[in-house]
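Here are the chains, one letter per residue:
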Amino acid sequence: MAEQLDAAARQLIEVSGVAKRYAGGTLALDGINLSVAEGEFLSLLGPSGCGKSTLLRLIAGLGAPSAGSIDWPRATYDASGQPDRSIGFVFQEPTLMPWATVFDNVFLPLKLAGKTRRESEAAVIDAIEKVGLGGFVRSYPRQLSGGMRMRVSIARALVKRPKVLLMDEPFAALDEITRMRLNDDLLELWAGRGWTVLFVTHSVYESVYLSTRIAVMGARPGHIRDLIRVTAPYPRNEAFRTSPDYNEFCRITSASLRAAMAGKDSTP
Amino acid sequence: MSEDSAPISPATRVAVPVALGIVVLVLWEALVWYLAVPKFVLPAPSLIFKSLAADYPSLLVSLWITLRITLMAFFIALGCGVALAVLSAQSRIVEISIFPYAVILQVTPVVAIAPLILIWVGLDHVDRALLILATIVAFFPILSNTTLGLKSVDHNLRDLFQLYGATRWQRLRYLQLPTALPYLLGGMKISGGLALIGAVVAEFVAGSGTGAGLAWRIVESANRLNIPRMFAALILLSVLGIVIFLLMAGLQNLLLRRWHESAMQRER
Ligand SMILES: Nc1ncnc2c1ncn2[C@@H]1O[C@H](COP(=O)(O)OP(=O)(O)OP(=O)(O)O)[C@@H](O)[C@H]1O
Ligand SMILES: [Mg+2]
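Participant: Help me get a handle on the interface of chain A and chain B, residues and values and all.
Facilitator: Contacts between the two partners involve 23 residues from chain A and, on the opposite side, 19 residues from chain B. Here chain A and chain B share an interface that buries about 2,100 Å² over both sides, 66% of which is from carbon and sulfur atoms. Summed over the three residues of chain A that lose the most area to chain B, namely W99, L112 and R142 of chain A, the buried surface amounts to 36% of that side. Linking chain A with chain B are 1 salt bridge, by the criterion used here. The salt bridge involving R57 of chain A is made with D159 of chain B; its shortest N-O contact spans 2.7 Å. Linking chain A with chain B are 4 residue pairs in polar contact (both at pLDDT 80 or more), by the criterion used here. Of all the elements in the fold, those that place two or more residues in the side of chain A that touches chain B are α2 (52-60), β5 (87-90), α3 (102-112) and α5 (146-158) of chain A.

Here it is, written out as C-alpha cells:
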C-alpha cells in the first residue's frame, strides 16, 4: 500500500499554497496544500461552490493558479515546460461532440494522438463496453439519456488508459443503481491498474465507499478543512456498505463536512 | 408554425400551396378578361405562359447567364468568406483588422459602387463587374456567420482538446469547423438568395455584357412594353430563387439532420 512506501518518492502531484482568483474578483481557492500519492483514490468533498471543480481544473493544467504552484515531481517535462501528465478528465457535464457518434467521441483522444481508426477500434469498443454502452456505438449523443452521455464521457477518459483519472462529479446525474454499479466498476478498474484517481463529489457516502483519503473542503474562499484517511481495506463491496466501519467513517466525514459548511458562515 | 396543430403530411404541404396558386391564377385570368385589363398593364396568366413558350430559347440563354453569375459569385463568396473567417479565428489581430472593412463593404449599397467597379474592370468586361458586385453582396453573411460559429465552441470541449494536446489544425478541423457548420449553412442559405439579387441588381445598374441576363430581358421588355415577356422573365427569376433556396435547405437538412437541433425531428 502507498503509505508503507517512502512517501516523498511516491508523491505524484504536489499542490502548495495555491490560490485562484477569477477575473470577476471571486476568490475561488486560497491556501490549498495537498499532496497526492501515486495509487491513491482521493475524493474532494464539499458544498456547492467551494471550488472543487476549480481545483481539479488547475491540477489538470487548465488555467494557472493566481498564487502557489502545482508540481508533478515524477513527470517528464516537455520543451514548453508542460508536464507530461497522462491524465483522463471527466467534466461535470458530459461535454460530448454532438456531431459525432459515441464511437467517434470515445475515439477522440486517440485520434488527437495521431492514431488511426483501425488501430484504435479495439480499444474504443473495449472502453465503450466497460461503461455498458456496447449497443450504442453508432448512436449520437442526442439519442442518449443524460446518464448514458456521462458514461460515454467516462469511456472517453478511460480509452487512453491514463495513469491519473480526474473526475468531476461524474455520477451526480445517475440513478442510485447505476451509480453503485459504476462505483464498483471504477474501484475494480482502479485496483487492477494502479491508477491514481482524484474524484470530486458532494456525497459523503460515495466518498467513503470509494476513497483511500477524503479532502473535505469549505467555501469562501475555498479551502481544505480536513483530510480523512479511510483505512478500510479493499476490495470494498456490499458487505462494506453495511458494515459498522463504513457507518463510522460516514459519521466522521459528515461531521467534518457540517463543520466546514458552518465555518463558511462564521468566516465571511 | 403553431404548436397545437396536428402534424401535416408532406403531401398536404405541397398540395395546399399548389391549390392556392391555381385558385389565384384562375381568378387572375377571369378578372383580367372580365375587366378587360390592357395586356401592357396586367397580362393574363395564359398570355404570360404563351410568351414564355414563344420566347423560351432567348429567355433560357438569359437564365443561364444569370445563373452562371449567381453560382460563381456564390462560390467565390463562400470560399473567401470561410477562408477569411478561419484566418480571423486564428488571430485576434487579423480579426479586428479585417472586420471593419467587411462591414464597410456590406453597408455600402452595391448600386452606389457599381459605376466605380465598372470603370475599374473596363467597360468591355461588364460580366466581370457583375460577378464582383454579386460576390460583394453574397460575401458578408458567410463571413459573419462563420466567424460567429467558429467562436461558439463549447468551452469544456476546447479544454478537452487542450488536455489531449490537440494542435491548432486539429482543433480547427475537429472542433471549430463542425461547431461552425450550422452557422455556415445558415449563412449559405441567405447568401444564395443574395447572390441572385446581387446578380440582378448589378445587371440593372451596370447593363449587360456580351450576353443579356434576365434582368436585362426585363428592362428590354419594359422598354418595348412587352409586359407578358417581362412577367415570363420574372417567373424564371423566382423559380431560380426558389430552386437555390430549396437546394440550400436540402443541404442543411442532409448535413445536420442526425445531430443538430434545427434539423432534428422531434419525437414526443
Ligand atoms: N469561470 C469562472 N469565472 C468566474 N468565477 C468562477 C468561474 N468558475 C467558477 N467560479 C466561481 O468560483 C467558485 C467555485 O466554483 P467551482 O465551480 O469550482 O465550485 P464547485 O465546488 O465545483 O461547485 P459545484 O459542486 O456546484 O460544482 C464559485 O463561487 C464560482 O462562482
Ligand atoms: Mg463543480
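Participant: Talk me through the nonpolar core; I want residue IDs and the actual numbers.
Facilitator: All names here are of chain A. By size, the foremost hydrophobic cluster in this structure holds 66 residues, and its most contacted members are I13, I59 and L166. The residues that make up this core include at least three from each of domain 1 (36-64 + 75-86 + 163-268) and domain 2 (97-162). Ranked by size, the runner-up nonpolar core spans 51 residues in total, among them L45, I128, L182 and V230.

Participant: Explain the packing of helix α8 (residues 214-223) of chain B against helix α9 (residues 227-256) of chain B to me, using residue names and the numbers behind them.
Facilitator: All names here are of chain B. One can describe the packing of α8 onto α9 by two numbers: an axis separation of 8 Å at closest approach and a directional angle of 160°. Classified by the angle their axes make, α8 and α9 are roughly antiparallel. Here α8 runs over α9; the crossing is left-handed. Residue-level contacts link L214, R217, I218, E220, S221 and A222 of α8 to R229, M230, A233, L234, L236 and L237 of α9. Class assignment of the residues belonging to the contact of α8 with α9 gives a composition of 8 nonpolar, 1 polar and 3 charged.

Participant: Give a description of empty space enclosed by the protein that names residues and reports values.
Facilitator: Summary: where empty space remains is shown by rolling a probe the size of a single water molecule over the atoms. Scanning the model with the defined rule gives 2 cavities of 30 Å³ or more in all. Of the voids in this model, the largest cavity is the one considered here, and its volume is about 60 Å³. Taken together, A123, D126, A127, K130, L158, V159, R161 and R193 of chain A make up the full set of residues lining the largest cavity. Counting residues per element, the lining of the largest cavity draws most heavily on helix α4 (residues 117-130) of chain A, at 4 residues. Looking at the lining of the largest cavity residue by residue, the classes come out as 4 nonpolar, no polar and 4 charged. The space that makes up the second largest cavity amounts to roughly 40 Å³. Lining the second largest cavity are I65, T66, I69, L130, A199, E203 and G213 of chain B. The element contributing the most residues to the lining of the second largest cavity is helix α2 (residues 45-90) of chain B, with 3 residues. Tallied by class, the residues present in the lining of the second largest cavity amount to 4 nonpolar, 2 polar and 1 charged.

What counts, and where the lines are drawn
- Residues numbered from 1 in each chain as written.
- Chains lettered and ligands numbered in written order.
- Predicted model: local features only at pLDDT ≥ 70, side-chain atom pairs only at ≥ 80, totals over all residues.
- Heavy atoms only, no water.
- Contact = heavy atoms within 4.5 Å.
- Buried area = accessible area lost by both parts, 1.4 Å probe.
- Salt bridge = Lys/Arg side-chain N within 4 Å of Asp/Glu carboxyl O.
- Polar contact = N/O pair within 3.5 Å; in protein donor to acceptor, adjacent residues only side chain to side chain.
- Helix = DSSP H or I, 4+ residues; strand = E, 2+ residues; numbered from the N terminus.
- Core = buried A, V, L, I, M, F, W, Y, C linked by side-chain atoms within 4.5 Å.
- Buried < 20%, exposed > 50% of the residue type's maximum accessible area, 1.4 Å probe, protein only.
- Domains from an automatic or database assignment.
- Axes fitted to C-alpha atoms, helices over the stretch in contact; angles between N-to-C directions.
- Parallel < 35°, antiparallel > 145°, perpendicular 65-115°, else oblique.
- Left-handed = near helix turned anticlockwise from the far one by under 90°.
- Nonpolar A, V, L, I, M, F, W, Y, C, P; charged D, E, K, R; others polar.
- 1 Å grid on protein atoms, 1.4 Å probe; cavity = no way out; pocket = protein on both sides within 12 Å on 5 of 7 lines; lining within 4 Å.
- Points joined across faces, edges and corners; volume = space filled by probe spheres on them.

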